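The chain contents come next:
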Amino acid sequence: MRRVKSRSGSRSLSQAQWFSHVNGVQASPQMRGWLTDSMSLTKKLIARCDHFRVQRLAQQHALVLADEFAEVALPRRVQVQEREVFLRCDEKPVVYAHTIVPLSATASDWPFFGRLGERSLGTTLFGDPRVARGELQYARLPAQHPLVVRAKVALGVVLHGPLYARRCLYQRGNGLLLVTEVFLHEIKNIRQSPHE
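Let me begin by describing the structure that accompanies this report. (Residues numbered from 1 in each chain as written. Predicted model: local features only at pLDDT ≥ 70, side-chain atom pairs only at ≥ 80, totals over all residues. Heavy atoms only, no water.)

1. Notes on helix H4 (residues 146-155)
By the burial criterion, the buried members of H4 are Leu147, Val148 and Ala151. Projected down its long axis, H4 carries its buried residues within an arc of 100 degrees, all on one side. Of the residues trailing H4, Gly156 is marked for its positive phi of about 75 degrees. (Buried < 20%, exposed > 50% of the residue type's maximum accessible area, 1.4 Å probe, protein only. Helix = DSSP H or I, 4+ residues; strand = E, 2+ residues; numbered from the N terminus. Arc of directions from axis to C-beta.)

What follows is the structure, encoded as structure tokens:
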């Protein structure tokens, strides 16, 4: 099993340890199913609830996280375009999703990114034949990780224990886009089969 090493130097409590294989995070069989499924997460969630929606929390310029900049070929921590949303099933937030795009990306690389609003990014990515999808990476994010902290603040509740996450790099033209999906505790309570 290969650990995905960060090129940003030593890892602190605010950085995740990312793995190229799901065995690195010791997930339960149920969680492994969510982490490793190659289909659109949006489609999978839609099939398991009566009402799905994307709640946009923020879309803005922000400083790239310490464990992200090398993944999108940036030499150091600089400003990027950032989007944060909750994916909600029957109004319960089940996934916190965080997307970054380097400012060097052009409008022709990601023409839809600035106009998504509360539409699903995943549906757009999976429906565009020009988008190349990279390999999934997996982590258990510690409570001090910025994405866990942001999810906790947005939810207004305490999040116990590390949270499972996956991320994937996408490329369209010369533009790179990194999507990180953090699975919240409520994911365990939604339908496990689309036929139930």
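Read on, since the account is not over.
2. Brief notes about the environment of Ala132
Mapped onto the elements of the fold, Ala132 is located in strand E6 (residues 131-133). Judged by relative accessible area, Ala132 falls into the partly exposed class, the value being 44%. Along the chain, Ala132 and Leu176 lie 44 residues apart, while their C-alpha atoms are 9.7 Å from each other. Apart from the residues within four sequence positions on either side, Ala132 is in contact with Leu169, Tyr170 and Gln171. (Contact = heavy atoms within 4.5 Å.)

3. With respect to the packing of aromatic side chains
Enumeration according to the criterion identifies two aromatic pairs in this entry. Both rings, one in Trp34 and one in Phe183, keep their centres 6.5 Å apart while their planes meet at 50 degrees; by these two values the pair is tilted. Placement of the pair is Trp34 in helix H1 (residues 29-36) and Phe183 in strand E9 (residues 175-183), with a sequence separation of 149 residues. Here Phe183 falls in the buried class, since its relative accessible area comes to 2%. With 6.0 Å between their ring centres and 65 degrees between their planes, Phe86 and Tyr96 make a pair best called edge-to-face. Within this pair, whereas Phe86 is found in strand E4 (residues 79-89), its partner Tyr96 is found in strand E5 (residues 92-102), the two being separated by ten residues in sequence. Pair check on accessibility: Phe86 and Tyr96 agree, each one buried. The residue whose ring lies beneath Lys44 is Trp34, and the NZ or CZ to ring-centre distance is 4.5 Å. (Phe/Tyr/Trp six-rings, centres within 6.5 Å; stacked < 30°, edge-to-face > 60°. Lys NZ or Arg CZ within 6 Å of the ring centre and 35° of its normal.)

4. Describing the pattern of salt bridges
With the rule as written, the count across this model stands at eight salt bridges. Its salt-bridge partner being Asp128, residue Arg172 comes within 2.7 Å of it at the nearest N-O pair. Of the two residues, Arg172 sits in strand E8 (residues 163-172) while Asp128 sits in the loop between helix H3 (121-126) and E6, which places them 44 residues apart along the sequence. For the pair Arg172 and Asp128, one class covers both residues: buried. Connected through salt bridges with shared partners, the residues Glu82, Glu84 and Arg150 form a single ionic network. (Salt bridge = Lys/Arg side-chain N within 4 Å of Asp/Glu carboxyl O.)

5. Quick notes on the pairing of E8
Most of E8 is tucked away: eight of the ten residues are buried. The pairing of strand E7 (residues 137-141) with E8 spans five bridges and is antiparallel. Looking at E8, one finds that Gln137 is bridged to Arg167. Judged from the eight bridges that link them, E8 and E9 form a sheet pairing that is antiparallel. (Pairing = 2+ DSSP bridges.)

6. Side note on the nonpolar core
Leu35, Leu45, Trp110, Leu125, Leu177 and Ile187 are the most contacted members of the largest nonpolar core, which totals 37 residues. Those elements that place two or more of their residues in this core are H1, helix H2 (41-46), strand E3 (52-63), E4, E5, H3, E8 and E9. Here this core takes four residues from E5, the largest share from any one element. Discounting chain neighbours no more than four positions away, the residues touching Leu45 are Trp34, Phe52, Leu87, Cys89, Val94, Val95, Ile187 and Ile190. Ranked by size, the runner-up nonpolar core spans 15 residues in total, among them Trp18, Leu141, Ala151 and Leu163. (Core = buried A, V, L, I, M, F, W, Y, C linked by side-chain atoms within 4.5 Å.)

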